[in-house]
Amino acid sequence: MKSIWNETTIIPRRNPLPGNRKAEVVVIGAGLAGILTAYYLSRQGKSVIVLEADRIGGGQTGYTTAKITSQHNLIYEKLEKTMGTTLAAQYAKANQWAVEEYKKLVRIHKIDCHLEEKDSYLYSLKVSEVLRREADAAVRLGIPATFEREVELPFHISGAVRFPGQAQFHPLEFIKDMSSGLTIYEKTRVIEVKDHQVITDKGTVTAEHIVFACHYPFVIMPGFYFMKMYQKKSYVMEFAPVEPLSGMYLGIDQRGYSFRSVGDHLLLGYGSHRTGKPKKENPYDVLKRTGKHLYSTAEEVRHWSAMDCMTLDSVPYIGHFSSGKPYWHVATGFKKWGMTSSMVAARIISAEILGRRTEFAEVFSPQRFRLRASAKELASHTVESVKGLSQGRIPGVVTCPHLGCRLTWNRADKRWECPCHGSSFEQNGKILSGPAQRNLPFID
Ligand SMILES: Cc1cc2nc3c(=O)[nH]c(=O)nc-3n(C[C@H](O)[C@H](O)[C@H](O)COP(=O)(O)OP(=O)(O)OC[C@H]3O[C@@H](n4cnc5c(N)ncnc54)[C@H](O)[C@@H]3O)c2cc1C
């Protein structure tokens, strides 16, 4: 399955790790979070090695819709209520900073990644009050949001929240340039991490600091991320030709769609569900029908899907991996907003390693536990995990090598998926994404 990004970019290949090595920092994962973290640390004179199981940008970053925005669905009113104004304002400030930092990096390094400044919109066909309240909360937290009655989309809306001055880009063209001066080893899978040793299938790297930027941290203990994170998946279909949109859009209704243009191509997104629990309807059929209905002269170009990690309180886990290992760091739980979250992670983690504190680190601390903000998600995640684990004990079912949950078959994507923690595998059992790190026994 290819996306518009990996069909239109060639990132030069890197060699696998040639044997044992030493570095000040090892970054596990060459997605956006890993590359940005390695970039900032290298600029500060640190020796950094990035280890990538597959290819640079070959993970979820290659399948995103690449909207660079602090507008993360409905979030600001919720954060204000559940965490208070100070932490909610930290979240807003961090993500607004990240949007501007992308613009700065692209300008300074003259990166040809089609970065375009765009307004970002949340819209609804049914409700307006919740959007009005979201706009008010965003303004209180420092974002110049407005409530709108009309937008350019080809249907009538009840209302929308507009965040001005956001952006979109080609994520792999960006990563290609940002990674060019970094030491990266591809086709090198980390199998285990023991204190300062990162053990891979090609050799061991010893480092003072280790950064887990591998989408879903695969270490079970310490950290216990599997207990406080699951994955959600959604689907994208590309249509052309479609008159370019001047904004980027996300529908908040249950059957809401995401819209963003790439020239005269439209990326239409839909169908969010917990990974491993696909809906009955084929999401690509729905996307095709909707795309043709809205833009009758456009044709499907390609389609793909991606997944992201969801945290219990809707805020990523960025910072120290666990209190007992101050030299391990983690960037995960981006809940489908990994462009700005990766940038925020790079800033917080590089500052942590350099012995500095970032003004907005507290809200993202992985050591937090905010019961009020987490209770509902914690309960439903626990139920799903227990169900998946107990079904994994039934003789003859296909189970996940991560913790033994029963895998389910995604008919639309023809993949095995884990409803507990979201690992996915090709039909023949080849691992596609973690936290599992091994193939299914079919091809072993
Ligand atoms: C449909 C969809 C649309 C989205 N659209 C947007 C959007 O418009 N805007 C936005 O902000 N966000 C969006 N996101 C979210 C965003 O794409 C992700 O949050 C982001 O790409 C994650 O980046 P990452 O670097 O954390 O992970 P990845 O890009 O997955 O990188 C992790 C890397 O780690 C490697 N790895 C894993 N395990 C190991 C190991 N053991 N050893 C070595 N390497 C390893 C993987 O191979 C991978 O390359 C979207 C998500 C989805 C699902």
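Residues numbered from 1 in each chain as written. Predicted model: local features only at pLDDT ≥ 70, side-chain atom pairs only at ≥ 80, totals over all residues. Heavy atoms only, no water.

Running from amino to carboxyl end, helix 2 (residues 32–43) crosses helix 4 (residues 85–108) at an angle of 65 degrees, the nearest separation of the two axes being 14 Å. The way helix 2 lies across helix 4 gives a crossing that is left-handed. Judged by residue contacts, Leu 32, Leu 36, Tyr 39 and Tyr 40 of helix 2 engage Glu 101, Tyr 102 and Leu 105 from helix 4. By residue class, the composition of the contact of helix 2 with helix 4 is six nonpolar, no polar and one charged. (Axes fitted to C-alpha atoms, helices over the stretch in contact; angles between N-to-C directions. Helix = DSSP H or I, 4+ residues; strand = E, 2+ residues; numbered from the N terminus. Left-handed = near helix turned anticlockwise from the far one by under 90°. Contact = heavy atoms within 4.5 Å. Nonpolar A, V, L, I, M, F, W, Y, C, P; charged D, E, K, R; others polar.)

Moving on to the site of the ligand. Lining the immediate surroundings of the ligand are 33 residues, of which Glu 52, Thr 61, Thr 65, Asp 308 and Gln 437 lie closest. The backbone of Ala 33 places a nitrogen or oxygen atom 3.1 Å from an oxygen atom of the ligand. Taking Glu 52, its side chain carries an N or O atom lying 2.6 Å from an oxygen atom of the ligand. When the ligand sits alone it has 1,000 Å² of accessible area, and the protein chains cover 95% of it. Contributing elements (two or more residues each) for the shell around the ligand: helix 2, strand 15 (299–311) and helix 8 (338–353). The element that contributes the greatest number of residues to the shell around the ligand is strand 15, accounting for three residues. Within the shell around the ligand, the residues separate by chemical class into 16 nonpolar, 12 polar and five charged. Residue assignment places the shell around the ligand across two domains, with domain 1 (4–64 + 173–228 + 314–368) and domain 2 (115–168 + 229–309) each supplying three or more. (Near = heavy atom within 4 Å. Polar contact = N/O pair within 3.5 Å; in protein donor to acceptor, adjacent residues only side chain to side chain. Areas by Shrake-Rupley, 256 points an atom, 1.4 Å probe, with all protein chains shown as cover. Domains from an automatic or database assignment.)

The side chains of a regular strand alternate, residue by residue, between the two faces of the sheet. Counted residue by residue, strand 16 (residues 317–322) has five buried out of six residues, so it is predominantly covered. The pairing of strand 16 with strand 17 (residues 325–332) spans five bridges and is classified as antiparallel. Bridge assignment links Ile 318 to a residue of strand 17, and that residue is Ala 331. (Buried < 20%, exposed > 50% of the residue type's maximum accessible area, 1.4 Å probe, protein only. Pairing = 2+ DSSP bridges.)

Time to look at the nonpolar core. Ranked by internal contacts, the top residues of the largest apolar core, which has 80 residues, are Leu 36, Tyr 76, Tyr 102, Phe 174 and Phe 364. Broken down by element, this core gets its largest block of residues, 10 residues, from helix 4. Among the nonpolar cores identified, the runner-up in size contains 27 residues, and Ile 49, Val 193, Ala 207 and Phe 212 belong to it. (Core = buried A, V, L, I, M, F, W, Y, C linked by side-chain atoms within 4.5 Å.)

With 12 residues, helix 2 extends 17 Å between its outermost C-alpha atoms, agreeing within 8% with the 16 Å of an ideal straight helix rising 1.5 Å per residue. Most of helix 2 is tucked away, with 10 of its 12 residues classed as buried. Taken together, the buried positions of helix 2 are occupied by Leu 32, Ala 33, Gly 34, Ile 35, Leu 36, Thr 37, Ala 38, Tyr 39, Tyr 40 and Leu 41. (Expected span 1.5 Å × (residues − 1).)

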